[in-house]
Amino acid sequence: MAINGVKGFNDILPGEVEKWQHIEATARRVFELYGLSEIRIPILESTELFSRSIGDATDIVEKEMYSFVDKGGNKVTMRPEGTASVMRAFIEHKIHAKDPVARLYYLGPMFRYERPQKGRYRQFHQIGAELTGVAAPTVDAHVLTMLTQFFAELGLAEPSLQINSLGCPACRPVYREALKGFLLGRIELLCEDCVRRYETNPLRALDCKSPGCQEATKGAPSMLDYLCTDCSDHFAKTRNFLDLAGTGYSINERMVRGLDYYTRTTFEMVTGLLGSQSAVAAGGRYDGLISELGGPQLPGIGFAIGVERVALLLAEKDFSRRPELFIATMGEKAHAEAFRLMVELQRRGLSVELDYEGKSLKSQMRRADKFKSRFTLIIGEDELGRGTAPLKDMDGGTQVEVALDAALILKQVKG
RNA sequence: GUGGAUAUGGUGAAGCGGUAAACACAAACGACUGUGACUCGUUCAUACGUGGGUUCGAUCCCCACUAUCCACCCCA
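These remarks concern the structure in this document.

What counts and what doesn't
Residues numbered from 1 in each chain as written. Chains lettered and ligands numbered in written order. Predicted model: local features only at pLDDT ≥ 70, side-chain atom pairs only at ≥ 80, totals over all residues. Heavy atoms only, no water. Helix = DSSP H or I, 4+ residues; strand = E, 2+ residues; numbered from the N terminus. Rg over C-alpha atoms; globule rule 2.2 N^0.38 Å. Contact = heavy atoms within 4.5 Å. Areas by Shrake-Rupley, 256 points an atom, 1.4 Å probe, with all protein chains shown as cover. Lys, Arg positive; Asp, Glu negative; His and termini not counted. Charge placed at Lys NZ, Arg CZ, Asp CG, Glu CD. Near = heavy atom within 4 Å. Polar contact = N/O pair within 3.5 Å; in protein donor to acceptor, adjacent residues only side chain to side chain. Nonpolar A, V, L, I, M, F, W, Y, C, P; charged D, E, K, R; others polar. Salt bridge = Lys/Arg side-chain N within 4 Å of Asp/Glu carboxyl O. Buried < 20%, exposed > 50% of the residue type's maximum accessible area, 1.4 Å probe, protein only. Pairing = 2+ DSSP bridges. Axes fitted to C-alpha atoms, helices over the stretch in contact; angles between N-to-C directions.

This next bit is on the overall build of chain A. Within chain A, the regular secondary structure consists of 17 helices and 16 strands. On C-alpha atoms alone, chain A measures out to a radius of gyration of 28 Å, which is more than a quarter above the 22 Å that the 2.2 N^0.38 rule sets for 415 residues. A principal-axis box enclosing the C-alpha atoms of chain A has dimensions of 95 × 55 × 45 Å. Counting only contacts in chain A whose residues sit at least 6 apart along the sequence, the fraction spanning at least 24 positions is 70%. Summing over all exposed atoms, chain A offers an accessible surface of approximately 20600 Å²; the carbon and sulfur share of this is 51%. Across chain A, the mean location of the 53 positive side-chain charges is 1 Å away from that of the 55 negative side-chain charges.

For RNA strand B, the set of nearby residues contains 49 residues, the closest of which are Arg-112, Arg-120, Arg-197, Lys-362 and Asp-382. A breakdown of the atoms of RNA strand B within 4 Å of the protein gives sugar and phosphate a share of 51%. Contacts to RNA strand B include Asp-369, whose side-chain N or O atom sits 3.0 Å from a base nitrogen. Between Lys-370 and RNA strand B, the recorded distance is 3.4 Å, taken from a side-chain N or O atom to a phosphate oxygen. Looking at the surface near RNA strand B, the elements with two or more residues in it are α3 (59-64), β6 (123-132), α8 (192-200), β10 (279-285), β11 (300-306), α15 (361-370), α16 (381-386) and β15 (388-393). Sort the elements by how many residues they give to the surface near RNA strand B and α15 lands first, with 8 residues. Residue composition of the surface near RNA strand B, by class: 14 nonpolar, 11 polar and 24 charged.

Side chains that carry opposite charge are capable of pairing whenever their charged atoms lie near each other. Taken as a whole and assessed by the stated rule, the structure comprises 19 salt bridges. For Arg-120, the salt bridge is made with Glu-114, and the minimal N-O distance between the two is 3.7 Å. Where salt bridges share partners, they join Arg-28, Glu-38 and Arg-40 into one cluster.

With that out of the way, let us pick up the environment of Met-269. Within the fold, Met-269 resides in strand β9 (residues 263-270). Accessibility expressed as a relative area gives 2% for Met-269, which makes it buried. Put simply, Met-269 and Lys-333 are 64 residues apart on the chain and 59 Å apart in space, counted from C-alpha to C-alpha. Not counting residues up to four positions away in its chain, the partners in contact with Met-269 are Leu-147, Phe-151, Pro-159, Ser-160, Leu-161, Ser-278, Ala-279, Val-280 and Ala-281.

The residue Arg-79 is located in the loop between β4 (75-78) and α4 (83-92) in this model. The side chain of Arg-79 is buried and forms no salt bridge, while Glu-45, the nearest opposite charge, is found at 6.7 Å. Residues in contact with Arg-79, not counting those within four places in the same chain, are Ile-41, Pro-42, Ile-43, Phe-50, Ser-85, Gly-108, Pro-109, Met-110 and Phe-111.

Moving on: the sheet that holds β15. In space, the 5 strands of this open sheet follow the order β13-β12-β14-β15-β16, with mixed pairing throughout. Each end of this open sheet is capped by a strand with a single partner; those strands are β13 (352-354) and β16 (399-403). Taking the axes of each pair of neighbouring strands and ignoring which way they run, one obtains an average angle of 25 degrees across the sheet. Where β15 meets β16, 5 bridges bridge the pair, whose relative direction is antiparallel. Its bridge partner being in β16, Leu-391 is matched across the sheet by Val-400. Helix-sheet contacts for helix α14 (residues 332-347) involve β12 (325-329), β13 and β14 (375-379), and the interaxial angle to β13 is about 160 degrees. Packed on one face of the sheet, helix α17 (residues 406-414) meets β12, β14, β15 and β16 and runs near 150 degrees to β16.

Bringing the sheet that holds strand β5 (residues 103-111) into the picture now. Strand order in this open sheet of 8 strands is β1-β5-β6-β11-β10-β9-β7-β8, and the pairing throughout is mixed. Sheet topology places β1 (37-38) and β8 (250-251) at the edges, where each strand pairs with a single neighbour. Two strands pair when backbone bridges link them, and β9 and β10 are joined in this way by 6 bridges, in the antiparallel orientation. Note that in β10 the partner of Glu-268 across the bridge is Ala-282. Seen against the sheet, α4 touches β5 and β6 and runs at an angle of roughly 45 degrees to β6. Contacts from helix α6 (residues 137-153) reach β6, β7 (160-165), β9, β10 and β11, with the element oriented near 15 degrees to β11.

Structure below.
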């Protein structure tokens, strides 16, 4: 009996992986344009890191973490997200001592124990960015502009940017009470879950999909009306800078984030193309997180992109690579010469294919066609004798005679 | 954790209670007599998710299990 992969853990096979490489390369290029540096963080962290940062009462921590006790008796968890790890590293290595303004990005697998479905897996991948040490709204707008550019460079019209402000520890509790007061009168309309969350997280009712909750929250007070002067000012300036950058967005005052650490600006890149997984990227400001984790009082802002979801949006595009040259041979001597040429050309940076076995010419030509090779060089006894061989342009079908010399072939192919 | 759907070859799939499991694509090889994409030929599921049961006989009926997908919850 063959062994299967673990539920929710997927292989990314050749054919699909080229798309991933393209997404990752695009992210690296765009993010580095905006001054970020890559940071590589481990997959395993102390369980406490996540319970403290993400929030004890969140679903992620309550029921979705891959946690276990290692052989040394330590409680560890396979990271369910990247922000906490990056902030831990930031604090642990005292990166702030050198420069409190750190601009970092990371990419890699995350793990959450959930039932898999479209665009959601137990091992999934995120590309994330974290910027620390800047409270100014300029950075909010800049991060959002960078994210927008990332999607634009992938050629995606979807998703679109939505923003909101969640306020700060000064104004959010006030709003929370106001909202609770509003919902109290309509509590019988709320779904079970929202009733249960009424005390712990009443804001969730705002973006609950149940018709009852949508009805109940009609006309609910908006967080935006309760922002304190500083938060309100921050939000207004963020919007101004977004306008200056020409970055399009819409305000979604009902957007709520699932992690506890968010403050002020929050955002999502949403799409209607992925069924119930509408968020392709999401993030926000977390001005209290670093100190909460034992670091200095520094603000931060970041986001994570769901790579699987981006790949789904890129579904129809073909990213497969094609070799530049295929060498077809007849006879052992020609095969040996072709091998020598292939290696020589590869050393010079040309992608070359050669049939390893001595198959028929027909078969080799078919293979060249299957690989969609741009050119095919055909070498037999005659060619060996005269020192030149036909180089066929597979797209046009024309062929020219070239000398069996790596430099000259290279010139002809690259020409 | 809950609900629904589906399980036939590499893929898309037809199929009926009863002896070679259609068709198409892909793939391999070959023909067209040293050159691919067209055409033609050959090959390609002792097997229809797994385990039971009903039956003279099941891939098609029943039960259980498992897996996958989708949805809920929550989220990237």
